[in-house]
Amino acid sequence: MEKACYPGSFDPFTRGHLEIIERASCLCSQLTVAVIDNPAKRHLFSLEERKEMLQQGVSHLGNVVIDHFQGLLVDYLKDRQIGVAIRGLRDSSDAPVEMQMARLNRQMSGCETLWLAAEGQFLHISSSFVREIARLGGPYQNWVTPLVAQRMEAKLAQ
Ligand code: ADP
């Protein structure tokens, strides 16, 4: 496969995301990790902060680029001439929404979606739980990269 795109909010980027990025990068010649820029949604980290943490986290992978988009994913993919979206599946609760999104995207533009099943050790990690556990003072550090942990601490100290 030539080009693929892994879209997400990455608020923040976790080791679960990293595992999917590492595996997806082996399946294509260029993987674009695209951060969804939705100004209507409140995020813990700004777009630039989310992109910076991703950039640092994937620096060991030569064929991964970090980008962002607003609006429909299919429009972004068409613009960048990318035909495949990658998504990570944690468990069956991810499946209904992911399948619906994949079908909608395919009907709108012919874009295919490829799902990678998360490895057992990453199944329980989600950005929202990382944020919540960090906010409550729990040990979330093993689920993120050292830079993300550092940025989380700084953010929560504000
Ligand atoms: P989250 O669901 O953690 O808020 P995103 O909205 O950024 O994350 O999700 C981007 C993609 O990454 C989605 O396909 C999501 O299912 C997947 N993903 C999120 N966390 C994990 C994980 N721990 N393992 C595998 N895939 C994941």
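All values reported here derive from a predicted model rather than from experimental measurement. (Residues numbered from 1 in each chain as written. Predicted model: local features only at pLDDT ≥ 70, side-chain atom pairs only at ≥ 80, totals over all residues. Heavy atoms only, no water.)

K.L.:
Would you take a moment to explain the overall build of the protein for this structure?
P.N.:
Within the protein, the regular secondary structure consists of 6 helices and 5 strands. The C-alpha atoms of the protein give 15 Å as radius of gyration, which agrees with the globular expectation for 158 residues (15 Å, within 12%). Overall size of the protein, expressed as C-alpha extent along the three principal axes, is 45 × 35 × 30 Å. Going through the 158 residues of the protein one by one, you find that 44% of them count as buried. Nonlocal contacts in the protein, meaning residues at least 24 apart in sequence, comprise 74% of its contacts between residues at least 6 apart. Of the roughly 8700 Å² that the protein leaves accessible, carbon and sulfur atoms contribute 52%. Here the protein holds 17 positive side-chain charges and 18 negative ones, and the gap between their average locations is 3 Å. (Helix = DSSP H or I, 4+ residues; strand = E, 2+ residues; numbered from the N terminus. Rg over C-alpha atoms; globule rule 2.2 N^0.38 Å. Buried < 20%, exposed > 50% of the residue type's maximum accessible area, 1.4 Å probe, protein only. Contact = heavy atoms within 4.5 Å. Areas by Shrake-Rupley, 256 points an atom, 1.4 Å probe, with all protein chains shown as cover. Lys, Arg positive; Asp, Glu negative; His and termini not counted. Charge placed at Lys NZ, Arg CZ, Asp CG, Glu CD.)

K.L.:
Got a minute to help me understand the pairing of strand β3 (residues 64-69) in this structure?
P.N.:
Within a regular strand, side chains alternate between the sheet's two faces. Bridging between strand β2 (residues 30-36) and β3 involves 6 bridges; their strand directions are parallel. In the strand pairing of β3, V35 is matched with H68. Handedness of the β2-helix α2 (residues 47-57)-β3 crossover: right-handed. (Pairing = 2+ DSSP bridges. Right-handed = clockwise from strand over helix to strand, strands pointing away.)

K.L.:
Quick question: what am I supposed to make of unusual backbone geometry here?
P.N.:
Glycine aside, the phi torsion of most residues is negative, and most peptide linkages are trans. A cis geometry characterises the amide bond from D11 onward to P12, with omega recorded as 0 degrees. Of note, P12 is situated in the loop between β1 (3-8) and α1 (15-25). Backbone geometry places F10, a non-glycine residue, at a positive phi of 50 degrees. Inspection of the secondary structure puts F10 in the loop between β1 and α1. The backbone of Q81 shows a phi angle near 55 degrees, a positive value even though the residue is not glycine. Summarising the element assignment, Q81 is placed in the loop between α3 (73-80) and β4 (84-89).

K.L.:
Looking at this model, I keep getting lost on the site of the ligand. Mind explaining?
P.N.:
As a structural note, the neighbourhood of the ligand is formed by 18 residues, with Y6, G88, F122, I125 and S127 the closest of them. In this structure, an oxygen atom belonging to the ligand sits 3.0 Å away from a main-chain N or O atom of F10. Contact between the ligand and G88: an oxygen atom at 2.6 Å from a main-chain N or O atom of the residue. Protein chains shield 89% of the accessible area of the ligand, which is 530 Å² for the free molecule. When contributions to the shell around the ligand are tallied by element, the ones reaching two or more residues are β1, α1 and β4. (Near = heavy atom within 4 Å. Polar contact = N/O pair within 3.5 Å; in protein donor to acceptor, adjacent residues only side chain to side chain.)

K.L.:
How do you make sense of the environment of M53 when you look at a structure like this?
P.N.:
Summarising the element assignment, M53 is placed in helix α2. Accessibility expressed as a relative area gives 0% for M53, which makes it buried. Spatially, the C-alpha atoms of M53 and D11 are 9.8 Å apart, while their sequence positions differ by 42 residues. Excluding residues that lie within four positions of it along the chain, M53 makes contacts with F13, F45, L147, V148 and R151.

K.L.:
Would you explain the pattern of salt bridges in this entry?
P.N.:
Pairing is possible between side chains that carry opposite charge, provided their charged atoms lie close to one another. One pass over the full model with this rule turns up 10 salt bridges. A salt bridge links E19 to R23, with the nearest nitrogen and oxygen atoms 2.7 Å apart. With E19 and R23 both in helix α1 and 4 residues apart, this pair spans about one turn of that helix. Residue E19 is classed as buried on the basis of its relative accessible area, which comes to 8%. Since its relative accessible area comes to 30%, R23 is described here as partly exposed. Among the ionic pairs, E98 bridges to R87, the shortest N-O distance being 2.9 Å. (Salt bridge = Lys/Arg side-chain N within 4 Å of Asp/Glu carboxyl O.)

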